[in-house]
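# A structural walkthrough
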Amino acid sequence: MQGDNVLNGGSSNTTVAMHIQPPLFEDYVESDPPTLNGLGVDEVNQNQAGEWALIRYVGNPIGEVLPLAAGGLSLGRAPENQIRLPEPEVSRHHARLELVGREGLAPMVLLSDLGSTNGTFVNGCQIHPRNGPVSLRAGDVIRMGTHAFKLKHMDALEKTYHEAVLAQATVDPLTHMANRSSVLSFLEKHTDLARRYRRPLALIMCDLDHFKEVNDRFGHPVGDQVLRTFSSVVCGRLRASDLVGRIGGEEFLVVLPETVGAEALTVAEGLRTALAAEAMPVPAGQDLRVTCCFGVVEYGASDVDGGSLLARADMALYRAKAAGRNRVEFDGTP
(Lines give C-alpha, C1' and ligand atoms only; values in the text may rest on other atoms or scores of the structure.)
Protein backbone atom coordinates (compact mmCIF):
# COMPACT_ATOMS: atom_id res chain seq x y z
CA MET A 1 0.00 0.00 0.00
CA GLN A 2 1.42 3.33 -1.02
CA GLY A 3 1.98 6.02 1.60
CA ASP A 4 1.74 5.91 5.38
CA ASN A 5 -1.14 8.34 5.88
CA VAL A 6 -4.21 6.04 6.08
CA LEU A 7 -7.54 6.42 7.87
CA ASN A 8 -8.53 3.80 10.37
CA GLY A 9 -12.10 2.61 10.56
CA GLY A 10 -13.63 5.52 12.53
CA SER A 11 -15.78 3.94 15.25
CA SER A 12 -14.35 0.48 14.47
CA ASN A 13 -12.05 -1.32 16.92
CA THR A 14 -9.94 -2.56 14.00
CA THR A 15 -6.93 -0.38 13.24
CA VAL A 16 -4.71 -0.49 10.18
CA ALA A 17 -1.01 -0.73 10.99
CA MET A 18 0.64 2.69 10.66
CA HIS A 19 4.08 4.20 10.68
CA ILE A 20 2.64 7.56 11.72
CA GLN A 21 -0.51 8.73 13.50
CA PRO A 22 -3.45 8.76 11.04
CA PRO A 23 -5.48 11.96 10.71
CA LEU A 24 -8.35 12.50 13.14
CA PHE A 25 -11.91 13.37 12.16
CA GLU A 26 -11.37 16.84 13.66
CA ASP A 27 -8.70 17.46 11.05
CA TYR A 28 -11.24 16.91 8.29
CA VAL A 29 -13.80 19.19 9.90
CA GLU A 30 -11.28 22.01 9.73
CA SER A 31 -9.78 21.30 6.31
CA ASP A 32 -12.37 19.58 4.20
CA PRO A 33 -15.96 19.32 5.55
CA PRO A 34 -17.61 18.11 2.29
CA THR A 35 -15.37 15.05 2.12
CA LEU A 36 -16.22 14.05 5.70
CA ASN A 37 -19.94 14.47 5.09
CA GLY A 38 -19.90 12.47 1.89
CA LEU A 39 -17.84 9.42 2.82
CA GLY A 40 -18.32 7.98 6.23
CA VAL A 41 -15.66 5.49 7.34
CA ASP A 42 -17.71 3.07 9.40
CA GLU A 43 -16.79 -0.58 9.79
CA VAL A 44 -17.56 -2.81 6.82
CA ASN A 45 -19.60 -5.65 8.26
CA GLN A 46 -19.29 -8.22 5.47
CA ASN A 47 -17.53 -11.42 6.46
CA GLN A 48 -14.70 -12.93 4.47
CA ALA A 49 -16.94 -14.85 2.04
CA GLY A 50 -17.20 -13.22 -1.38
CA GLU A 51 -15.08 -10.50 -2.91
CA TRP A 52 -14.99 -6.77 -3.50
CA ALA A 53 -15.67 -5.51 -7.01
CA LEU A 54 -16.50 -2.35 -8.91
CA ILE A 55 -19.61 -2.32 -11.11
CA ARG A 56 -19.37 0.13 -14.00
CA TYR A 57 -22.49 2.31 -13.71
CA VAL A 58 -21.57 5.04 -16.21
CA GLY A 59 -19.22 4.32 -19.12
CA ASN A 60 -18.69 1.52 -21.58
CA PRO A 61 -19.40 -1.34 -21.14
CA ILE A 62 -22.08 -0.49 -18.59
CA GLY A 63 -22.53 -3.21 -15.98
CA GLU A 64 -18.95 -4.49 -16.28
CA VAL A 65 -17.69 -6.31 -13.17
CA LEU A 66 -14.14 -5.32 -12.16
CA PRO A 67 -12.87 -7.46 -9.24
CA LEU A 68 -10.46 -5.87 -6.76
CA ALA A 69 -7.39 -8.08 -6.60
CA ALA A 70 -5.01 -8.29 -3.66
CA GLY A 71 -2.51 -6.04 -5.44
CA GLY A 72 -5.03 -3.23 -5.81
CA LEU A 73 -6.25 -1.37 -8.89
CA SER A 74 -4.95 1.78 -10.52
CA LEU A 75 -7.27 3.96 -12.60
CA GLY A 76 -6.29 6.59 -15.15
CA ARG A 77 -5.73 7.54 -18.76
CA ALA A 78 -2.23 6.02 -19.11
CA PRO A 79 -2.06 2.54 -20.69
CA GLU A 80 -0.27 1.00 -17.71
CA ASN A 81 -3.33 1.38 -15.44
CA GLN A 82 -5.32 -1.75 -14.63
CA ILE A 83 -8.50 0.20 -15.43
CA ARG A 84 -7.77 2.52 -18.35
CA LEU A 85 -10.14 5.46 -18.82
CA PRO A 86 -8.99 7.25 -21.99
CA GLU A 87 -11.19 10.36 -21.70
CA PRO A 88 -9.39 13.72 -21.43
CA GLU A 89 -11.12 14.60 -18.14
CA VAL A 90 -9.25 11.70 -16.49
CA SER A 91 -5.62 12.22 -15.42
CA ARG A 92 -2.90 9.83 -16.58
CA HIS A 93 -2.61 8.42 -13.06
CA HIS A 94 -5.88 9.43 -11.44
CA ALA A 95 -6.68 7.21 -8.45
CA ARG A 96 -5.83 3.92 -6.76
CA LEU A 97 -7.80 1.32 -4.80
CA GLU A 98 -6.13 -0.91 -2.20
CA LEU A 99 -7.30 -3.86 -0.09
CA VAL A 100 -6.15 -4.09 3.53
CA GLY A 101 -6.74 -7.46 5.18
CA ARG A 102 -8.48 -7.79 8.54
CA GLU A 103 -8.92 -10.93 10.63
CA GLY A 104 -12.43 -12.37 10.44
CA LEU A 105 -13.75 -9.62 8.18
CA ALA A 106 -13.71 -8.70 4.52
CA PRO A 107 -10.67 -6.62 3.59
CA MET A 108 -10.98 -2.86 3.99
CA VAL A 109 -11.12 -0.93 0.72
CA LEU A 110 -9.04 2.26 0.60
CA LEU A 111 -9.26 4.86 -2.17
CA SER A 112 -6.57 7.43 -2.90
CA ASP A 113 -6.64 10.34 -5.33
CA LEU A 114 -3.20 10.55 -6.98
CA GLY A 115 -3.23 14.30 -7.48
CA SER A 116 -5.69 14.26 -10.38
CA THR A 117 -6.56 17.48 -12.20
CA ASN A 118 -10.34 17.14 -12.04
CA GLY A 119 -10.69 15.20 -8.81
CA THR A 120 -12.05 11.91 -7.54
CA PHE A 121 -15.54 11.90 -5.99
CA VAL A 122 -17.26 9.48 -3.62
CA ASN A 123 -21.02 9.83 -3.26
CA GLY A 124 -20.75 13.27 -4.85
CA CYS A 125 -18.04 14.63 -2.55
CA GLN A 126 -14.44 15.16 -3.59
CA ILE A 127 -11.58 13.43 -1.80
CA HIS A 128 -8.19 15.13 -1.61
CA PRO A 129 -4.64 13.74 -1.79
CA ARG A 130 -3.59 15.76 1.25
CA ASN A 131 -5.93 13.71 3.47
CA GLY A 132 -4.49 10.36 2.40
CA PRO A 133 -6.53 7.26 1.53
CA VAL A 134 -10.18 7.07 2.63
CA SER A 135 -12.08 3.94 3.65
CA LEU A 136 -15.04 2.91 1.48
CA ARG A 137 -18.20 0.97 2.22
CA ALA A 138 -20.35 -1.30 0.06
CA GLY A 139 -22.65 0.82 -2.07
CA ASP A 140 -20.34 3.84 -2.37
CA VAL A 141 -20.26 5.37 -5.85
CA ILE A 142 -16.88 6.52 -7.19
CA ARG A 143 -16.78 9.10 -9.99
CA MET A 144 -13.89 10.36 -12.07
CA GLY A 145 -14.34 12.27 -15.29
CA THR A 146 -17.41 10.91 -17.06
CA HIS A 147 -17.12 7.48 -15.39
CA ALA A 148 -18.91 6.10 -12.34
CA PHE A 149 -18.37 2.83 -10.47
CA LYS A 150 -20.32 1.32 -7.59
CA LEU A 151 -18.43 -0.65 -4.94
CA LYS A 152 -20.03 -3.99 -4.05
CA HIS A 153 -19.12 -6.98 -1.92
CA MET A 154 -20.39 -9.97 -3.91
CA ASP A 155 -20.64 -13.69 -3.43
CA ALA A 156 -20.07 -16.02 -6.37
CA LEU A 157 -23.77 -16.15 -7.29
CA GLU A 158 -24.16 -12.38 -7.46
CA LYS A 159 -20.95 -12.03 -9.47
CA THR A 160 -22.21 -14.63 -11.96
CA TYR A 161 -25.50 -12.75 -12.25
CA HIS A 162 -23.82 -9.41 -13.05
CA GLU A 163 -21.52 -11.03 -15.60
CA ALA A 164 -24.47 -12.76 -17.29
CA VAL A 165 -26.42 -9.50 -17.53
CA LEU A 166 -23.41 -7.77 -19.08
CA ALA A 167 -22.90 -10.59 -21.59
CA GLN A 168 -26.54 -10.45 -22.69
CA ALA A 169 -26.23 -6.72 -23.32
CA THR A 170 -22.87 -6.60 -25.08
CA VAL A 171 -21.87 -10.02 -26.46
CA ASP A 172 -23.00 -11.88 -29.58
CA PRO A 173 -24.20 -15.25 -28.23
CA LEU A 174 -22.95 -17.36 -31.16
CA THR A 175 -19.43 -16.01 -31.67
CA HIS A 176 -18.84 -14.54 -28.18
CA MET A 177 -17.55 -11.37 -29.86
CA ALA A 178 -18.95 -7.95 -29.10
CA ASN A 179 -22.42 -7.45 -30.53
CA ARG A 180 -23.34 -4.74 -33.03
CA SER A 181 -24.35 -2.04 -30.56
CA SER A 182 -21.29 -2.63 -28.37
CA VAL A 183 -18.70 -2.45 -31.15
CA LEU A 184 -20.36 0.58 -32.78
CA SER A 185 -20.38 2.38 -29.43
CA PHE A 186 -16.68 1.56 -29.07
CA LEU A 187 -16.07 2.94 -32.57
CA GLU A 188 -17.83 6.24 -31.82
CA LYS A 189 -15.90 6.67 -28.58
CA HIS A 190 -12.52 6.16 -30.25
CA THR A 191 -13.43 8.23 -33.30
CA ASP A 192 -14.16 11.12 -30.94
CA LEU A 193 -10.80 10.63 -29.20
CA ALA A 194 -8.99 10.45 -32.56
CA ARG A 195 -10.63 13.68 -33.72
CA ARG A 196 -10.07 15.64 -30.50
CA TYR A 197 -6.49 14.57 -29.84
CA ARG A 198 -5.29 13.66 -33.33
CA ARG A 199 -4.61 10.08 -32.33
CA PRO A 200 -4.35 7.28 -34.90
CA LEU A 201 -7.30 4.94 -35.40
CA ALA A 202 -7.95 2.23 -37.98
CA LEU A 203 -10.84 -0.07 -38.89
CA ILE A 204 -11.06 -3.42 -40.63
CA MET A 205 -14.38 -4.46 -42.13
CA CYS A 206 -14.61 -8.23 -42.72
CA ASP A 207 -17.05 -10.28 -44.81
CA LEU A 208 -16.81 -14.06 -45.19
CA ASP A 209 -16.67 -15.21 -48.81
CA HIS A 210 -19.55 -17.32 -50.19
CA PHE A 211 -21.05 -17.85 -46.75
CA LYS A 212 -24.56 -18.43 -48.13
CA GLU A 213 -23.20 -21.31 -50.20
CA VAL A 214 -21.76 -22.88 -47.03
CA ASN A 215 -25.17 -22.75 -45.36
CA ASP A 216 -26.97 -24.06 -48.44
CA ARG A 217 -24.55 -26.95 -49.01
CA PHE A 218 -23.70 -28.09 -45.48
CA GLY A 219 -26.52 -26.65 -43.37
CA HIS A 220 -26.71 -23.94 -40.72
CA PRO A 221 -24.87 -25.91 -37.98
CA VAL A 222 -21.76 -25.92 -40.20
CA GLY A 223 -22.33 -22.24 -40.97
CA ASP A 224 -22.42 -21.54 -37.24
CA GLN A 225 -19.16 -23.45 -36.81
CA VAL A 226 -17.57 -21.30 -39.53
CA LEU A 227 -18.59 -18.15 -37.64
CA ARG A 228 -17.17 -19.51 -34.39
CA THR A 229 -13.92 -20.47 -36.13
CA PHE A 230 -13.61 -17.00 -37.62
CA SER A 231 -14.13 -15.54 -34.13
CA SER A 232 -11.41 -17.77 -32.69
CA VAL A 233 -8.91 -16.84 -35.43
CA VAL A 234 -9.55 -13.09 -35.13
CA CYS A 235 -9.69 -12.86 -31.33
CA GLY A 236 -6.46 -14.83 -31.03
CA ARG A 237 -4.55 -12.29 -33.12
CA LEU A 238 -5.72 -8.96 -31.65
CA ARG A 239 -4.44 -6.84 -28.76
CA ALA A 240 -6.39 -6.37 -25.54
CA SER A 241 -7.03 -2.74 -26.55
CA ASP A 242 -8.68 -3.76 -29.86
CA LEU A 243 -12.31 -4.79 -30.24
CA VAL A 244 -14.00 -7.01 -32.81
CA GLY A 245 -17.75 -7.29 -33.13
CA ARG A 246 -20.32 -9.02 -35.30
CA ILE A 247 -22.37 -6.39 -37.13
CA GLY A 248 -24.30 -8.63 -39.52
CA GLY A 249 -24.82 -12.27 -40.46
CA GLU A 250 -21.28 -12.84 -41.77
CA GLU A 251 -19.96 -9.27 -41.41
CA PHE A 252 -17.56 -8.18 -38.68
CA LEU A 253 -15.88 -4.97 -37.62
CA VAL A 254 -12.43 -4.68 -36.02
CA VAL A 255 -11.61 -1.37 -34.28
CA LEU A 256 -7.89 -0.73 -33.77
CA PRO A 257 -7.13 2.27 -31.52
CA GLU A 258 -3.64 3.82 -31.70
CA THR A 259 -3.07 2.11 -35.07
CA VAL A 260 -2.06 3.66 -38.40
CA GLY A 261 -3.16 2.37 -41.78
CA ALA A 262 0.02 0.44 -42.61
CA GLU A 263 -0.19 -1.42 -39.30
CA ALA A 264 -3.87 -2.21 -39.87
CA LEU A 265 -3.03 -3.60 -43.32
CA THR A 266 -0.53 -5.96 -41.72
CA VAL A 267 -3.14 -7.09 -39.20
CA ALA A 268 -5.72 -7.69 -41.94
CA GLU A 269 -3.29 -9.65 -44.08
CA GLY A 270 -2.40 -11.80 -41.07
CA LEU A 271 -6.08 -12.51 -40.44
CA ARG A 272 -6.67 -13.37 -44.11
CA THR A 273 -3.77 -15.81 -44.18
CA ALA A 274 -4.65 -17.45 -40.87
CA LEU A 275 -8.30 -17.99 -41.79
CA ALA A 276 -7.48 -19.42 -45.23
CA ALA A 277 -5.18 -21.97 -43.58
CA GLU A 278 -7.82 -23.10 -41.07
CA ALA A 279 -9.35 -26.48 -41.98
CA MET A 280 -12.83 -27.13 -40.57
CA PRO A 281 -14.15 -30.72 -40.61
CA VAL A 282 -17.63 -31.13 -42.12
CA PRO A 283 -19.90 -34.16 -42.68
CA ALA A 284 -18.70 -36.90 -45.05
CA GLY A 285 -15.14 -36.49 -43.81
CA GLN A 286 -14.38 -33.37 -45.79
CA ASP A 287 -12.31 -30.39 -44.70
CA LEU A 288 -13.85 -27.00 -45.37
CA ARG A 289 -11.67 -23.94 -45.88
CA VAL A 290 -13.29 -20.52 -45.84
CA THR A 291 -11.82 -17.23 -46.99
CA CYS A 292 -12.70 -13.63 -46.21
CA CYS A 293 -12.45 -10.15 -47.68
CA PHE A 294 -11.14 -7.23 -45.64
CA GLY A 295 -11.64 -3.50 -46.11
CA VAL A 296 -9.13 -1.37 -44.21
CA VAL A 297 -9.32 2.35 -43.46
CA GLU A 298 -7.41 4.86 -41.32
CA TYR A 299 -9.10 7.80 -39.60
CA GLY A 300 -8.61 11.06 -41.50
CA ALA A 301 -9.50 14.72 -41.09
CA SER A 302 -12.53 14.36 -43.38
CA ASP A 303 -14.14 11.74 -41.11
CA VAL A 304 -16.72 13.60 -39.06
CA ASP A 305 -17.85 10.59 -37.04
CA GLY A 306 -17.69 6.82 -36.81
CA GLY A 307 -20.31 6.47 -39.50
CA SER A 308 -18.20 8.18 -42.17
CA LEU A 309 -15.21 6.02 -41.22
CA LEU A 310 -17.39 2.93 -41.41
CA ALA A 311 -18.67 3.93 -44.86
CA ARG A 312 -15.11 4.21 -46.19
CA ALA A 313 -14.22 0.80 -44.77
CA ASP A 314 -17.31 -0.63 -46.46
CA MET A 315 -16.20 0.83 -49.80
CA ALA A 316 -12.79 -0.80 -49.46
CA LEU A 317 -14.51 -4.09 -48.60
CA TYR A 318 -16.68 -3.83 -51.72
CA ARG A 319 -13.58 -3.39 -53.87
CA ALA A 320 -12.00 -6.48 -52.30
CA LYS A 321 -15.05 -8.59 -53.08
CA ALA A 322 -15.31 -7.24 -56.62
CA ALA A 323 -11.64 -8.06 -57.27
CA GLY A 324 -12.05 -11.79 -56.69
CA ARG A 325 -12.49 -12.47 -52.92
CA ASN A 326 -9.88 -13.56 -50.35
CA ARG A 327 -8.35 -10.08 -50.55
CA VAL A 328 -7.40 -7.06 -48.47
CA GLU A 329 -8.12 -3.56 -49.83
CA PHE A 330 -7.20 -0.21 -48.29
CA ASP A 331 -9.19 2.98 -48.72
CA GLY A 332 -6.50 5.60 -49.29
CA THR A 333 -2.70 5.54 -49.20
CA PRO A 334 -1.20 3.75 -46.18
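Residues numbered from 1 in each chain as written. Predicted model: local features only at pLDDT ≥ 70, side-chain atom pairs only at ≥ 80, totals over all residues. Heavy atoms only, no water.

## Brief notes about the sheet that holds strand β7 (residues 120–122)
- The antiparallel open sheet is built from six strands, whose spatial order is β2-β1-β11-β10-β7-β8. The two strands at the open ends of the sheet, each matched to only one other strand, are β2 (65–67) and β8 (125–127). Adjacent strand axes in the sheet meet at a mean angle of 35 degrees, parallel and antiparallel pairs treated alike. (Pairing = 2+ DSSP bridges. Helix = DSSP H or I, 4+ residues; strand = E, 2+ residues; numbered from the N terminus. Axes fitted to C-alpha atoms, helices over the stretch in contact; angles between N-to-C directions.)

## Section: helix α6 (residues 220–235)
- Between its first and last C-alpha atoms α6 spans 22 Å; for 16 residues at 1.5 Å apiece the expected length is 22 Å, and the two agree.
- Among all positions of α6, only V222, G223, V226, L227, T229, F230, S231, V233 and V234 are buried. (Expected span 1.5 Å × (residues − 1). Buried < 20%, exposed > 50% of the residue type's maximum accessible area, 1.4 Å probe, protein only.)

## Considering the nonpolar core
- One finds L208, F230 and L288 to be the most contacted residues of the largest nonpolar core, which totals 33 residues.
- Contributions of two or more residues to this core are made by β12 (201–208), α5 (211–218), α6, β14 (251–257), α7 (261–276), β15 (280–282), β17 (292–298) and β18 (328–330).
- With six residues, the single largest contributor to this core is α6.
- Apart from residues lying up to four places away in sequence, L288 is in contact with V214, F218, V222, V226, E278, A279, M280 and V282. (Core = buried A, V, L, I, M, F, W, Y, C linked by side-chain atoms within 4.5 Å. Contact = heavy atoms within 4.5 Å.)

## Here we look at unusual backbone geometry
- Positive phi is not limited to glycine here, since R198 has a value of about 55 degrees.
- With respect to the helices and strands, the residue R198 is situated in the loop between α4 (180–197) and β12.
- Residues other than glycine seldom take positive phi values, yet H210 does so here, at roughly 55 degrees.
- Tracing the sequence through the fold places H210 in the loop between β12 and α5.

## Here's the deal with the confidence of the model for the protein
- Mean pLDDT over the protein: 82, with 84% of residues reaching 70 or higher.
- Every residue in residues 1–47 is under pLDDT 50, and counting partners more than four places away or in other chains gives 95 contacts. (pLDDT = per-residue confidence, 0-100.)

## A short note on the side chain of T229
- Along the chain, T229 turns up in helix α6.
- In this structure, T229 is in contact with E278 and M280, ignoring residues within four places of it in sequence.

## Comments concerning the packing of α5 against α6
- Between α5 and α6, whose axes approach to 7 Å, the crossing angle comes to 140 degrees. Between α5 and α6, the angle is such that the two are oblique. For the pair α5 and α6, the contacting residues are F211, V214, N215 and F218 in the first and H220, V222, G223, V226 and L227 in the second.
- Of the residues contributing to the contact of α5 with α6, the split by class is six nonpolar, three polar and no charged. (Parallel < 35°, antiparallel > 145°, perpendicular 65-115°, else oblique. Nonpolar A, V, L, I, M, F, W, Y, C, P; charged D, E, K, R; others polar.)

## Structural notes on the pattern of salt bridges
- Throughout the structure, instances matching the rule amount to 17 salt bridges.
- Ionic pairing is found between R319 and D331, a salt bridge with its closest N-O pair at 3.7 Å. Taken together, the residues R319 in helix α8 (residues 306–322) and D331 in the segment after β18 connect sequence positions 12 residues apart.
- The shortest N-O distance in the salt bridge between R327 and E329 comes to 3.1 Å.
- Overlapping salt bridges bring together E89, D192, R195 and R196 as one network. (Salt bridge = Lys/Arg side-chain N within 4 Å of Asp/Glu carboxyl O.)

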